[in-house]
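# Structural overview for review
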Amino acid sequence: MTSAPTTASTATATPEQARRAWPWSALQGVVLVVLAVLAVVVADTGVRLLLAGLGVLGVLRGVAALRAARAGQVERSAAAVGAGAAWFGAVAIGLAFFPPAVAAWTCVVALAAVLAALVVRAQPGRRARAGLGAGLAVVALAVGAVVAGPTWLAAASVLAVSVAVLAAGVMSVTGALALRRVAAEPAAPVAAGCGGCACGAGGCGGLQRG
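Below is a summary of the structure that appears in this document. (Residues numbered from 1 in each chain as written. Predicted model: local features only at pLDDT ≥ 70, side-chain atom pairs only at ≥ 80, totals over all residues. Heavy atoms only, no water.)

Moving on, we get to the overall build of the protein. Assigned secondary structure in the protein consists of seven helices and zero strands. Listing each helix as α and each strand as β along the protein from the N terminus yields α-α-α-α-α-α-α. A buried classification covers 30% of the 210 residues belonging to the protein. Long-range contacts, defined as pairs at least 24 residues apart, comprise 66% of the intrachain contacts of the protein with a sequence gap of at least 6. Accessible surface, the protein as shown: approximately 13,000 Å² in total, 70% of it carbon and sulfur. (Helix = DSSP H or I, 4+ residues; strand = E, 2+ residues; numbered from the N terminus. Buried < 20%, exposed > 50% of the residue type's maximum accessible area, 1.4 Å probe, protein only. Contact = heavy atoms within 4.5 Å. Areas by Shrake-Rupley, 256 points an atom, 1.4 Å probe, with all protein chains shown as cover.)

Below, the structure written as structure tokens:
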């Protein structure tokens with residue numbers, strides 16, 4: 001299983017790119033939805049499956065990004081993100097083999113990291129609002145942990161991460177459907193009388209000037 005160029009937006013994807021990308025995007029979305037449901041429905045084992053599944057997806061996406069970077073298809077920044085995704089994915093797979101409590105508290109750390117990232121990556125005009133929202137979420141989690149105990153904090157974090165994964169899965173499936181429509185579009189027609197042989201020499205006008 002390789003990662004097709006799913007990073008390309010639907011609006012700019014060519015039919016050929018869309019044909020390669022939409023099956024992976026659909027499969028990824030379905031896997032994310034299933035993992036999110038299992039994490040909530042299946043006690044203990046579900047959160048470990050969620051962590052392992054996210055780890056596998058991270059490794060696959062990271063390796064695909066590194067291969068694309070080696071082929072010169074993406075920039076170095078994308079390669080760095082891919083390397084990070086592969087590394088974090090491998091760590092997540094390893095943590096999934098520990099007791100369920102470890103996986104649950106990993107979700108606590110992941111939730112905290114996501115809240116911090118939302119504040120850092122927010123636009124300057126919205127950073128204060130994002131910081132307020134993240135602060136309220138942290139306060140709510142802290143109050144819940146004090147009232148109901150640390151176990152509640154871990155369970156709430158697992159639920160929050162599962163909801164985020166479910167949303168990502170639905171978005172991935174929706175994107176796959178959009179890419180599939182692009183893939184079904186006919187190829188752009190070639191101008192009459194043009195075989196494309198002169199394109200590398202500056203077009204038909206280049207031949208006429210020669």
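Now for the side chain of serine 162. With respect to the helices, strands and loops of the structure, serine 162 is situated in helix α6 (residues 150–183). Residue classification places serine 162 among the buried positions, given a relative accessible area of 2%. Looking at serine 162, its side chain comes within polar contact range of the main-chain oxygen of valine 158, at 2.7 Å. Not counting residues up to four positions away in its chain, the partners in contact with serine 162 are Ala36, Ala39, Val40 and Leu50. (Polar contact = N/O pair within 3.5 Å; in protein donor to acceptor, adjacent residues only side chain to side chain.)

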